[in-house]
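# Breakdown of the fold
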Amino acid sequence: MTAYLFRRLLQSVVTVLMVTVVSFGLMKLMPGGPVRAILGSHATPANIAHLTQQMGLDRPLYVQYWTWLDGLLHGNLGFDYVVQRPISDVLFSALGASAYIVGVSLLLALLIAVPVGMVQATRRNSAVDHAFTVFSFVAYGIPTFFVGFLIQQWFEDDLQWVSVQNQVSTFTEALTHPEAICLPVLTLTITTVAGYSRYMRSGVLDQITQEYVRTAKAKGASARRTLYGHVLRNALIPMVTLIGLSLPALVGGSLIVEFVFNIQGIGLVTTRAAQQNDYGITLAATLLTAVVTVVGSLVADVSYAVLDPRVRLT
Amino acid sequence: MALLEVIGLRTEIRLKRSVVHALDGIDLSVDAGETLGIVGESGCGKTMTAMSIMQLLPNGGNVVGGEIRLDGRDLLSLSAQEMDSVRGNDIGMIFQDPTTSLNPTMTIGRQISESVRIHRGASKKEAHERAVEALSLVGMPSPAQRALVYPHELSGGMRQRAMIAMALANEPKLLIADEPTTALDVTIQKQILELIDNLKQQLGMAVILVTHDLGVIAGRADKIAVMYAGKVVETTSTRALFANPRHPYTEALFQSLPERSAESGDRLYSIPGLPPDLTKPPTGCRFAARCRYAVDDCRTNEPPLAGTDEQHRFACFLPVGAPVYRTEAEPVAAPTADAVVTERIRESRDRTQAETLLRIEGLVKDYPVTAGLVLRRKVGAVSAVADVSLSVHQGETVGLVGESGCGKTTVGKLIVGLEKPTGGSLLFQGRDLAQAPRTERRRLRRDVQLMFQDSYAAMNPRMLVRSVMREPLDIHRVDSPAERDRRIREIFDLVGLPLSALERYPHEFSGGQRQRVGLARALALRPKLIVADEPVSALDVSIQSQVLNLMRDLQSELGLSYLFISHDLSVIRYLSDRIGVMYLGKLVEIGPAESVYSNPVHHYTRGLLDTIPVADPAVEAAKSSQGIAGELPSAIDPPSGCRFRTRCPAAQEICAQVEPKLTAYGPDNHLAACHLPLRPAAAASEEVQPALV
C-alpha cells in the first residue's frame, strides 16, 4: 500500500507537471497576447514595450515558464494585471463560495440518493420505484439552468420564501447568509440526486442477486440484516468512484448555477477571465482543476481498496 | 417418523407471460443420519426442490401445494420470522460455488459467527470463538488465523470448508448440499465429500446431496431420488438403483456415462431431444417423447410413482427389466472384455505408428511475476509448463488430464498459437512453427484449430452463426465467397445441425447444439488437428455423450487428430488412444489409454484414479485409498526435484533432490517420471523410441 501510494503520488506529480507545460504552452499560442489584452488596442508601442518588460514577457519562453513554476512551488500564483490583484486572492475568494455550494449539495445528494436507491432496489417495480424513476429521468433530462430558473421562480417570486438580493462571493458571506445559497444548493442537489440514485439503485440490484446474499438468507439472516449487513457495503463500493470523480466540481464550481443565481464563484470568474484574455487567472484555474482531478481519482482508488479487500494496490 | 418429509410438493415460478411448473408433486423423506441423493440433469428441478425446502425461491417462485415437514413441523405454515429461525439453525445449506457464495468484503470468521449470533444470541466474542471451533471442525488448518481472512485469500477447497463451517455452526439437523463439489477439482472434491460424510456421522445429521454427478452420488448417498422435468421418476436405495434401474430415464443416464463404455469403446447412448418446456408440461409421462420404449399409453396417461415394494418406486408403465424388453435388449454374443481391450490397444498402436502430425519438444512457458516500488522488475515466474514433450499422430486422440493449474490448458494454447512459448519447439508436420516464415505459419495455423469449453462465451453474441462460421474462412480467404457458403452448409450437415441454425444467434442454442457449432467452427478450415479444451465439461451426461459420439464419428470420417484436454479421466479414457497426465507444469506419465488407466506407474496417476468418483456403489465402497491429500502447491516456486513429492505418499529424500526423468515402463511406450514407481521399469534393452514420446 505504501509503495503503491508512493508510486501514485509520483505519477500524480508528473501528470500535474505535464499539465503545466501544456497549459502554459497553449496560453502562449493564444492570439493577441496578455499585454494587448491589458492595454487595449490603442496602446502606444512604448507602453507595450514597457509592460512587456515589466511582466517579463521579453525573456525566453523557458525562463518565463521556469519563473512561473518556481512561483507556483513557493505558493505564489502570480499577479493579475487585468484586475490588478494577486491571482490567489481572486481565485480563493471565488473558490470559497463555489466549494461550499458544491460540497453541501454533494453531501445532501448522497444522503438522499443512497436511501432512495436502496428503497427503489428493494421494492423494484413497485409504485415507489416507478415514482422515483420518473423523478430521476425528469430531473436528469431538464437542463440545470432551467431547473434553476424554475426554482427561482417558485421560491423567490411565487412563494416569496426566500429573497435573494445580495450576491454571495466569499466563503464567509456564504456561511453567514445561508438563505442566499439554499436555492443554488437545492438546484444542484436535485440534479445530482437524479443521477446518484440511479447508480445506487442499480448497485443494490446488482448485489441482491449475488449468491452470497442467498447464503446470508440461508443462515437465517432477516431481510433487514441481509440488506444492511451484507448488501449495503458492497453496493456502496461503486459509489466511491463516482464521488471521487465528482471532486473536481468542488473547485470547478457549477458555472450554470453560479450564472443563474449570480454567484461570484470560480466557474463564473474563470469563464470571465477566459473571455477577457486574462491569462493569469485562466492558467491558475486550469492548473487547480488538474491538481484536484488527479487527487480525486487517487482518493477514489485508495478508498476503493479500503472498502474492498479483494482490491490490492500494488 | 422421518426427520424431513416432503409430500406432494408443487412449486411454480411466475414469469412475465407464463408460469413455469418447476416442481409437480415431489415426495421425499430423509431420516437422521441418512444421506438422500437427488440426481438429475440441469433444469430437472433438483435445486428447486432444495430451495423450496429452504423457502429461498427466486423472484416469482412460490410453493403452491404440498407439505414440507421437519420433525413433524410444517415449514410451509411458518411466518417469515419463524422461517428465519429455521434456516441456518435447523437446516444448514451449502452451495455450489464457494467463490461467489461468500460475501467478498467480510472476513470468514464474521460470516460464520453471524449465524451463531442470529440463532444463539451469542455475544461477539462467544460467536467468534464458536466460529473458530467450527473452522477446526471442518479441518481448516490454523483456524484462529483463518477466521480473520477474507474469502479471496483462501483456495477453493478451503472456501468450501468455510462454507460448510458456516452451515454447521449451529449443528443443524439437516444439511442440504447443492452441488457442493462441482466447482472444485477432483482431489479436493474427494476431501470435501469425505468431510461431509464424517460430519454427518459425528453430528448425526440428515444430508440431502443434490448433484448431477452419478459418480458422486454412488459413493455417498444411502438412497437416491432421480428427477426429471419437475418430478421424481425413480427412488430407491443406492445399491438397488445402480444394480437394477427400472425407469428408462435412469437406464439411459447410466448408458450415456463414458466409463460404462470405456473398455468396449462402443458408441455411447444419448437421449434424443430435449427436456420438455415446463411452462406447458406434456400430458402423460414427461419422458415419453424421448423414451425409446414409449407406447401410446405413455403419452396420454401419467404413470404414478409406484413399484414392486415401498423400497423401490418408479413412475413408468413399462419399466426396464420387465419381461417385455428382455427379448429385444439381449445382446448377441458380445466379445469378452479382455478381447476388446486387446483389440483397442492394437488399434491405438496402429495409430501411434502413423505419421507424426504434431511434435512438441521441451516446451516451456513461464509467466513473469513483477514487483517494485517505482520500476516494475521481474522477481519471479509462474512456471505454467515446464519441459513437456509429446506428439500427436495422424488420426490419433491424445488425452491430457490433470487438476486445474497443471498447465494442460496452457499446452493447448501454445499449440494453437494463442501464447508464445518461453522455450522448446513445436513441430507441425516436421515444420517448426516458431521458425517458419509468416505466410507459412499462417497456413500451418489453419491445420490446428481450437474447440472451447464454453462455446457460448467463445462466440460473439451479436454475430449470426453464419458470420461466426464465415469468419475463419474470410480471414484465410479460402476459395470464393460462394464456395465458402457451400462449405459451411457441408460442415453443418456433418455435425448434424439444421441449415436454419445458420440464421440464428448463439444464445438461441442449447448447450449441446452450441458445442456442435463450436466443433463446426473448428472444422471450417478443414484442420488436421483439433485441440479440444474441456469441450464437454459444461454439459449434462446425455448431451455429453452426443458430443463425444460426434467427435468420434468425425474422426473416423475425416481422419482428424485430437488433443483432448480434460480434468475428467473417464471421458479422456473413453476417447483417447493415449493419455498424458500433467501435474504442476510437468508431464508425469504418458502411455496407451488402457495401460495408463489399468496399470498406472506414477503415484499421482494412481491417486487421480482413486479420487475420481465412479458411478458404481460397489466400486466406491471398495475404495480404501485416501486419494490425494493436500492442495496444489504454488507454481511460482514449485517444489524441487519431483514436483509431486509434497503430496506423494511414497516420497523420499531423493524425490526432493533429483528431478525424475521419463522412463519406459512396458513395451507400448508407457512412460512415467518417478523415482519410486508403482511397478518396475522396463528392461534396459527396451529403449524409448523418441519419436513416439
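Everything that follows concerns the structure shown earlier in this document.
Below is a short write-up of the structure. Computed from a predicted structure; not experimentally measured.

## Quick word on the sheet that holds strand β2 (residues 19–30) of chain B
Spatially, the four strands line up as an open sheet ordered β2-β1-β4-β5 (chain B), and their pairing is antiparallel. Edge positions in the sheet fall to β2 and β5 (73–74) of chain B, since each of these pairs with one other strand and no more.

## Digging into the layout of surface pockets
Computed from the structure, the largest pocket encloses a volume of approximately 1500 Å³. In terms of lining, the largest pocket is formed by 46 residues, of which the most central are A:Lys217, B:Leu56, B:Leu57, B:Pro58 and B:Asn59. The set of elements that each furnish at least two residues to the lining of the largest pocket consists of α5 (87–122), α9 (178–208), α10 (211–218) and α11 (223–246) of chain A together with β2, α1 (46–54), β4 (61–70) and α2 (80–86) of chain B. Partitioned by chemical class, the residues of the lining of the largest pocket number 21 nonpolar, 17 polar and eight charged.

## Describing the interface of chain B and chain A
Taken residue by residue, the interface counts 30 residues in chain B and 25 residues in chain A. There are two salt bridges connecting chain B and chain A. Here A:Arg225 and B:Glu114 are joined by a salt bridge, their closest N and O atoms 2.9 Å apart. Where chain B meets chain A, there are 15 residue pairs in polar contact (both at pLDDT 80 or more). Within the residue set of the side of chain B that touches chain A, elements represented by two or more residues are α1, β6 (91–94), α3 (108–120) and α6 (156–168) of chain B. It is α3(B) that provides the largest number of residues to the side of chain B that touches chain A, a total of five residues. Partitioning the side of chain B that touches chain A into residue classes produces 15 nonpolar, 10 polar and five charged.

## With respect to helix α19 (residues 511–523) of chain B
All names here are of chain B. Look at α19: 18 Å from first C-alpha to last across 13 residues, which is about the 18 Å you get at 1.5 Å a residue. When you tally the buried positions in α19, you get 11 out of 13 residues, the bulk of the element. Within α19, the full set of buried residues consists of Gly 512, Arg 514, Gln 515, Arg 516, Val 517, Gly 518, Leu 519, Ala 520, Arg 521, Ala 522 and Leu 523. In the core, the buried residues of α19 are packed alongside β18 (448–451), α17 (465–475), α18 (481–494), β19 (529–533) and α20 (541–558).

## Quick word on the sheet that holds β19(B)
Residue and element names in this part refer to chain B. Read from one edge to the other, the open sheet built from eight strands follows the order β18-β19-β20-β15-β21-β22-β24-β23, with strand pairing classed as mixed. Of all strands in the sheet, those bounded by a partner on one side alone are β18 and β23 (663–664). Both β18 and β19 contribute to a ladder of four bridges, which runs parallel. Directly across from Val 448, in β19, lies its bridge partner Leu 529. Packed on one face of the sheet, helix α16 (residues 438–447) meets β18 and β19 and runs near 45 degrees to β18. Sheet strands touched by α19: β18 and β19. Its angle to β18, the strand with the most contacts, is close to 170 degrees.

## With respect to a positive patch on the surface
On the surface, a cluster of positive charge is made up of A:Arg233, B:Arg110, B:Arg117 and B:Lys124. Along the chain, the position of B:Arg110 falls in helix α3.

How each quantity is defined
Residue positions are given per chain, counted from 1 along the sequence in the order it is written. For naming, the first written chain is A and the first written ligand is 1, with later ones following in the order written. Selection of residues for local features in this predicted model requires a pLDDT of at least 70, selection of side-chain atom pairs for listing and counting requires 80 or more, and totals for whole chains, interfaces and linings are taken over all residues. Side-chain metrics rest on all non-hydrogen atoms present in the structure, leaving aside hydrogens and water. Pairing between strands requires that DSSP locate at least two bridges from one strand to the other. Runs of E in the DSSP output that reach at least two residues are strands. Runs of H or I that reach at least four are helices, and both are numbered from the N terminus. Cavity and pocket criteria rest on a 1 Å grid covering protein atoms alone: a 1.4 Å probe that fits but cannot get out defines a cavity, protein on both sides within 12 Å along at least 5 of 7 lines defines an open pocket, and an atom within 4 Å of a point defines a lining residue. Grid points are joined across faces, edges and corners, and a volume is the space filled by probe spheres set on the points. When residue character is reported, Ala, Val, Leu, Ile, Met, Phe, Trp, Tyr, Cys and Pro are called nonpolar, Asp, Glu, Lys and Arg charged, and the others, Gly included, polar. We call two residues in contact whenever any of their non-hydrogen atoms come within 4.5 Å of each other. Each salt bridge in this description consists of a side-chain nitrogen of Lys or Arg and a carboxyl oxygen of Asp or Glu lying within 4 Å of one another. We define a polar contact as two N or O atoms separated by no more than 3.5 Å, with the added condition that, inside protein, one atom must be a possible hydrogen donor and the other a possible acceptor, whereas residues neighbouring each other in sequence contribute only through side-chain atom pairs. What a helix is expected to span follows from its residue count: subtract one and scale by 1.5 Å. Only protein chains enter the accessibility calculation, which uses a 1.4 Å probe. A residue is then buried if its area is under 20% of the maximum for its type, exposed if over 50%, and partly exposed in between. Throughout, an axis means a line fitted to C-alpha atoms (over the contacting stretch in the case of helices), and angles, computed between N-to-C directions, take values from 0 to 180 degrees. Patch rule: a residue counts if its relative accessible area is over 30% and it has no salt bridge; like charges are joined within 9 Å, and nonpolar side chains (Val, Leu, Ile, Met, Phe, Trp, Tyr) within 5 Å. Residue-level accessible areas treat just the shown protein chains as cover; the underlying method is Shrake-Rupley with a 1.4 Å probe. In summary, the charge assignment counts Lys and Arg as positive and Asp and Glu as negative, without counting His or the chain termini. Working definition for charges: the position is that of NZ of Lys, CZ of Arg, CG of Asp or CD of Glu.

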